[in-house]
Amino acid sequence: DQQVKQNSPSLSVQEGRISILNCDYTNSMFDYFLWYKKYPAEGPTFLISISSIKDKNEDGRFTVFLNKSAKHLSLHIVPSQPGDSAVYFCAASPVTGSARQLTFGSGTQLTVLP
Amino acid sequence: GAGVSQSPRYKVAKRGQDVALRCDPISGHVSLFWYQQALGQGPEFLTYFQNEAQLDKSGLPSDRFFAERPEGSVSTLKIQRTQQEDSAVYLCASSRGTGSSYNEQFFGPGTRLTVL
């Protein structure tokens, strides 16, 4: 049973437009949420995160929104650039335990068209 | 500065062979994680070390999987009697601290294991 779901395997966006990637989770024990970006043959790279006490976090072109009641988060990229083309993973970390291991979604392949 | 490194980057094994995958975390990082990423999926947690102590191995899929970090830095993930379903990318991540607040995990490039 997937605790973190990314229902869109792929997304294509024109350069300069907004990219919106979505993620849903089911586990109420998650209290920290992250987005990772992954290029082929490389490990995931941290992009942006948000704590459950916030509903928005912004870093340059990247903004993450968290809706706790809906158990939904989204990543907005504005404006989108061709270099943003990659697989984006949503991940969540639980509030309990010392491990703080990440639970990942299955990823969304973003393609930004020039 | 050096990031997390993993070796080998690619490994092909015949079914039934044993393999050992190495992870060199960022120097000074206390926490070390292993994840398994199947094709088309996100990484899945395997095990966690805090220094040399393996505090969580709940994600290891079978007793054929064994991980160690004897001196609290380099870690090895060993898979005995490999099966085709073990084919995946094995990712290692390290983070600076532990405790109640989240510490960013830095990932290595992964080892792609193919079992024939």
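Being a predicted model, the structure only gives us computed values, none of them experimental.

### Some thoughts on the overall build of chain A
Phase 1 of the analysis: Helix and strand counts for chain A come out as zero helices and eleven strands.
Phase 2 of the analysis: Reading the helices (α) and strands (β) of chain A from amino to carboxyl end gives β-β-β-β-β-β-β-β-β-β-β.
Phase 3 of the analysis: Relative to a compact globule of 114 residues, whose C-alpha radius of gyration would be 13 Å, chain A shows 14 Å and is just as compact.
Phase 4 of the analysis: If one aligns the C-alpha atoms of chain A with their principal axes, the spans along those axes are about 45 × 30 × 20 Å.
Phase 5 of the analysis: Put simply, chain A has 114 residues, and 46% of those count as buried.
Phase 6 of the analysis: A separation of at least 24 residues holds for 54% of the contacts in chain A among residues at least 6 apart in sequence.
Phase 7 of the analysis: A total of about 5,300 Å² of accessible surface is found on chain A, and carbon and sulfur atoms cover 50% of it.

### Points about the interface of chain B and chain A
In many analyses, interface size is given as the accessible surface area lost on bringing the parts together.
Phase 1 of the analysis: Contacts between the two partners involve 24 residues from chain B, matched on the other side by 20 residues from chain A.
Phase 2 of the analysis: Overall, the association of chain B and chain A removes approximately 1,600 Å² of surface from exposure, summing both partners, and the carbon and sulfur fraction of that is 58%.
Phase 3 of the analysis: The interface formed by chain B and chain A contains three residue pairs in polar contact (both at pLDDT 80 or more).

Rules and cut-offs
Residues numbered from 1 in each chain as written. Chains lettered and ligands numbered in written order. Predicted model: local features only at pLDDT ≥ 70, side-chain atom pairs only at ≥ 80, totals over all residues. Heavy atoms only, no water. Helix = DSSP H or I, 4+ residues; strand = E, 2+ residues; numbered from the N terminus. Rg over C-alpha atoms; globule rule 2.2 N^0.38 Å. Buried < 20%, exposed > 50% of the residue type's maximum accessible area, 1.4 Å probe, protein only. Contact = heavy atoms within 4.5 Å. Areas by Shrake-Rupley, 256 points an atom, 1.4 Å probe, with all protein chains shown as cover. Buried area = accessible area lost by both parts, 1.4 Å probe. Polar contact = N/O pair within 3.5 Å; in protein donor to acceptor, adjacent residues only side chain to side chain.

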